[in-house]
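# Fold and contact review
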Amino acid sequence: MGRSPAVLTLARCFAVAAFLFVTIPASQAQTMNVSGRYQCAELKIQGKVLPCTAAPLTLKNDGRFELRGWEGSYLVNGEWVELTDSLLKTRVKIEPGHKIVLRYYGKHGLVEITYERRMAEMGKTSLS
């Protein structure tokens, strides 16, 4: 007894899918370029906006970061930038408009520092 038309159609679909899976190269996931110097744009402590005195955050092209003497490496993971040194790991959220937000609990409660990336080129300053 022969195979039913539905089974043959299903087998053909699987064969085509397997062929395409093997022959079409996988595309590389795009990594967002977040490197640059970030200036403090806004500081909130327990929801209250205060004058921004935070040190700049520098994300270098080689995957290293620097923040007021704290140095380590960073990795972009989806909508987060993970900052790591030998003892500590924290994440900053990537926000629209070339911003990243660091949230942590300090001695006065929840602290949110919004950093904005700016680039200076040949006498002009612009958002990168």
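Everything below is about the structure printed above this text.
Before going into details, it helps to say that this report is about the structure given with it. (Residues numbered from 1 in each chain as written. Predicted model: local features only at pLDDT ≥ 70, side-chain atom pairs only at ≥ 80, totals over all residues. Heavy atoms only, no water.)

A word on the overall build of the chain. Across its full length, the chain carries 1 helix and 10 strands. Listing every helix and strand of the chain by position from the N terminus yields α-β-β-β-β-β-β-β-β-β-β. Looking at the 128 residues of the chain, the share that counts as buried comes to 24%. Across the chain, every contact between residues at least 6 apart in sequence was considered, and the portion connecting residues at least 24 apart equals 32%. (Helix = DSSP H or I, 4+ residues; strand = E, 2+ residues; numbered from the N terminus. Buried < 20%, exposed > 50% of the residue type's maximum accessible area, 1.4 Å probe, protein only. Contact = heavy atoms within 4.5 Å.)

It is worth spelling out the layout of surface pockets at this point. In this approach the atoms are scanned with a rolling probe the size of a water molecule, which exposes any empty space left behind. Approximately 210 Å³ is the volume found for the largest pocket. Every residue along the wall of the largest pocket is listed here: L43, I45, T53, A54, A55, L67, R68, L102, Y104, V111, I113 and Y115. Counting only elements with at least two residues in the lining of the largest pocket, the list comes to strand 1 (36–45), strand 8 (99–106) and strand 9 (109–121). Considering every element that reaches the lining of the largest pocket, the biggest residue donor is strand 9, with 3 residues. (1 Å grid on protein atoms, 1.4 Å probe; cavity = no way out; pocket = protein on both sides within 12 Å on 5 of 7 lines; lining within 4 Å. Points joined across faces, edges and corners; volume = space filled by probe spheres on them.)

Within the secondary structure layout, W80 lies in strand 6 (residues 80–84). Between the alpha carbons of W80 and I94 there is a distance of 5.6 Å; along the sequence they are 14 residues apart. Contact partners of W80, with chain neighbours within four places excluded, come to L75, R91, V92, K93 and I94.

On inspection of all chains with the given rule, the structure shows 1 aromatic pair. Seen in terms of ring centroids, F65 and W70 are 4.7 Å apart; in terms of plane orientation they differ by 75°. Their pairing is edge-to-face. Of the residues examined, F65 reaches a relative accessible area of 1% and is grouped as buried. Residue placement shows R91 over the ring face of W80; its charged tip is 3.8 Å from the ring centre. The positively charged end of K93 is found above the aromatic ring belonging to W80, 5.5 Å away from the centroid. (Phe/Tyr/Trp six-rings, centres within 6.5 Å; stacked < 30°, edge-to-face > 60°. Lys NZ or Arg CZ within 6 Å of the ring centre and 35° of its normal.)

Turning to the state of the cysteines, a few remarks are in order. Under the criterion given, the structure shown has 1 disulfide. Between the sulfur of C40 and that of C52 lies a disulfide, 1.4 Å long from S to S. On the criterion of sequence distance, the pair formed by C40 in strand 1 and C52 in the loop between strand 2 (48–50) and strand 3 (57–59) is long-range, its members being 12 residues apart. A relative accessible area of 18% places C40 in the buried class. Note on C52: relative accessible area 30%, which makes it partly exposed. (Disulfide = S-S within 2.5 Å.)

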